[in-house]
Amino acid sequence: MIRVITKRYRIDEVKPGMELAGSLITDNDKFALGEGTVLTDNLIQRLKGWGVGVVDIRHVVDSADKEPPPLSETQVAVSCGYNDTVGTLKRSFETIRFFKQVPLKEMRELADSALEPFINTSGILNHLQVVQRQDDYTFYHSIDVAVLCGVVGRWLGYRGDELKDLVLAGLLHDIGKTQIPLEILRKPGKLTPAEMEIMRLHTTRGYNLVKELGLPASVMYAILQHHEREDGSGYPIQVPGAKIHPFAKVVAVVDIYDAITSDKVYSKKATPFAAVEALMRDMYDKLDPNICTVFLNNVRDYFIGNVVLLSDGREAEVVYLGKFISARPVVRDENGEFIDLENKKDLSIIKVLRT
Ligand SMILES: [Fe+2]
């Protein structure tokens, strides 16, 4: 069955030839394009000039075709570059495990150069969802957290060397896990309380690994404090929010988001909507509410247009997320029926099929 769907794009993702799904009027009413307008380079530049952030684009799709679409050029490039970067990090982490020496130059190079293309790739949050991952979670997670630190750091206003340091903090935040026995790190089941205690030592062991290396204090604090919580319920020292470094607070937020949306040895990945729900639950007592608000308000643009699988087996497209992001958006199923998941608590999103 041929049908028309609407997908929202950030302006930097819009390509010539795309067709507007609705009339477009800028905030100042100075420039308008009618529904069905085919965008050209010139029109896209004018939209950027007028400060338009997102546009709704019309696509004709054949819903009989259930095969997932092939990866886009960007997704392929991200996957290849990403796996190379993971390989480099893996070798470095193995060196650290055995020799207790951090190859800081390589780490800096990764943070400053190799990761930059990912941070600058529009839609990177969606692309990270489709990257195929093989073995050890820690390496993928470290790269993801570093990239997310770059993206979120920019949303928060960090620039230049400070932003690079934040990316490095994300890359190194779990470096102490190289000093945790592999049988605990790779245990497929739930950790015992005693094993959990050992796992938690990755914060102090990480700090000890880097404390003599002349890293910026912000990076060392992120390693030591990324599991501390605003209400003093975290570890290793249970310091309250006022004593947690801002870098550690950013890492804490993206660490939770990525952990929930990644496959791990002991659990399958959940959807970004579940991750959003977790952040919303903790944002007023355990996490920094300002960082969470900025994060949630920005990620909403990535979710519009995602095709998801509902718990009753239906496929649906995310069409609306409310003013403040909701973990239970409005979706439209294959028959065009709109479903407000906020009012249909018996239904939930169990998987993101396409981004
Ligand atoms: Fe950690």
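Residues numbered from 1 in each chain as written. Predicted model: local features only at pLDDT ≥ 70, side-chain atom pairs only at ≥ 80, totals over all residues. Heavy atoms only, no water.

The protein chain carries the name HD-GYP domain-containing protein in an unreviewed UniProt entry, which gives Anaeroselena agilis as its organism.

Trainee: Teacher, can you tell me more about helix α14 (residues 289-303) here?
Mentor: Taking 1.5 Å per residue, 15 residues should reach 21 Å; α14 reaches 21 Å between its end C-alpha atoms and fits that length. Listed in full, the buried residues belonging to α14 are Ile 291, Cys 292, Val 294, Phe 295, Leu 296, Val 299, Arg 300, Tyr 302 and Phe 303. Remark: Gly 305 follows α14 within two positions and exhibits a positive phi of approximately 95 degrees. (Helix = DSSP H or I, 4+ residues; strand = E, 2+ residues; numbered from the N terminus. Expected span 1.5 Å × (residues − 1). Buried < 20%, exposed > 50% of the residue type's maximum accessible area, 1.4 Å probe, protein only.)

Trainee: Hey, could you run me through the nonpolar core in this one?
Mentor: What tends to happen in soluble globular proteins is that the nonpolar side chains get buried as a cluster. Core analysis: the biggest nonpolar cluster contains 74 residues, and Met 107, Leu 115, Leu 171, Phe 295 and Leu 310 have the highest contact counts within it. At 10 residues, helix α6 (residues 137-155) tops the list of elements feeding residues into this core. There are two domains that each give this core at least three residues, and those are domain 2 (73-269) and domain 3 (302-354). Residues Leu 20, Leu 39, Val 52 and Ile 57 belong to the second largest nonpolar core, which totals 14 residues. (Core = buried A, V, L, I, M, F, W, Y, C linked by side-chain atoms within 4.5 Å. Domains from an automatic or database assignment.)

Trainee: Whenever I open this one, the pairing of strand β8 (residues 330-333) confuses me. Can you help?
Mentor: Walk down a regular strand and you will see the side chains alternate between the two sheet faces. Across the two faces of β8 the burial is the same, with Val 330 and Arg 332 and Val 331 and Asp 333 all buried. Both strand β7 (residues 315-320) and β8 contribute to a ladder of four bridges, which runs antiparallel. Pairing of Val 318 across the sheet is with Val 331, part of β8. Following β8, the chain reverses through four residues before pairing antiparallel with strand β9 (residues 338-340); Gly 336 in that reversal takes a positive phi of roughly 85 degrees. (Pairing = 2+ DSSP bridges.)

Trainee: Looking at this structure, how should I read the sheet that holds strand β10 (residues 349-354)?
Mentor: Strand pairing in a sheet relies on backbone hydrogen bonds. The paired strands run either parallel or antiparallel. What the five strands build is an open sheet, ordered β9-β8-β7-β6-β10; its pairing is antiparallel. The sheet terminates laterally at β9 and β10, the two strands that pair on one side only. On average, each strand axis in the sheet is inclined to that of its neighbour by 40 degrees, with strand direction left out of account. In the sheet, β8 pairs with β9 via three bridges, with the strands oriented antiparallel. Its bridge partner lying in β9, Val 331 is registered against Ile 339. (Axes fitted to C-alpha atoms, helices over the stretch in contact; angles between N-to-C directions.)

Trainee: Would you mind going over the environment of Thr 355 with me for this structure?
Mentor: One can find Thr 355 in the segment after β10. Judged by its relative accessible area of 25%, Thr 355 falls in the partly exposed class. In sequence terms Thr 355 and Phe 303 are 52 residues apart; their C-alpha atoms lie 7.6 Å from each other.

Trainee: Mind showing me how you'd approach the coordination of the iron ion here?
Mentor: Geometry reference: four tetrahedral donors at a metal, ideal angle 109.5 degrees. Six octahedral donors, ideal angles 90 or 180 degrees. Summarising the metal site, the iron ion is bound by the protein donors Asp 174 (OD), His 202 (NE2), His 226 (NE2) and His 227 (NE2), whose distances to it range over 2.2 to 2.3 Å. One can describe the site at the iron ion as irregular: its four donor atoms subtend angles covering 84 to 176 degrees at the metal. For His 227, a relative accessible area of 15% puts it in the buried group. (Donors = N, O, S within 2.8 Å, 3.2 Å for Na, K, Ca; no water. Tetrahedral: all angles 85-135°; square planar, octahedral: opposite > 155°, others 65-115°.)

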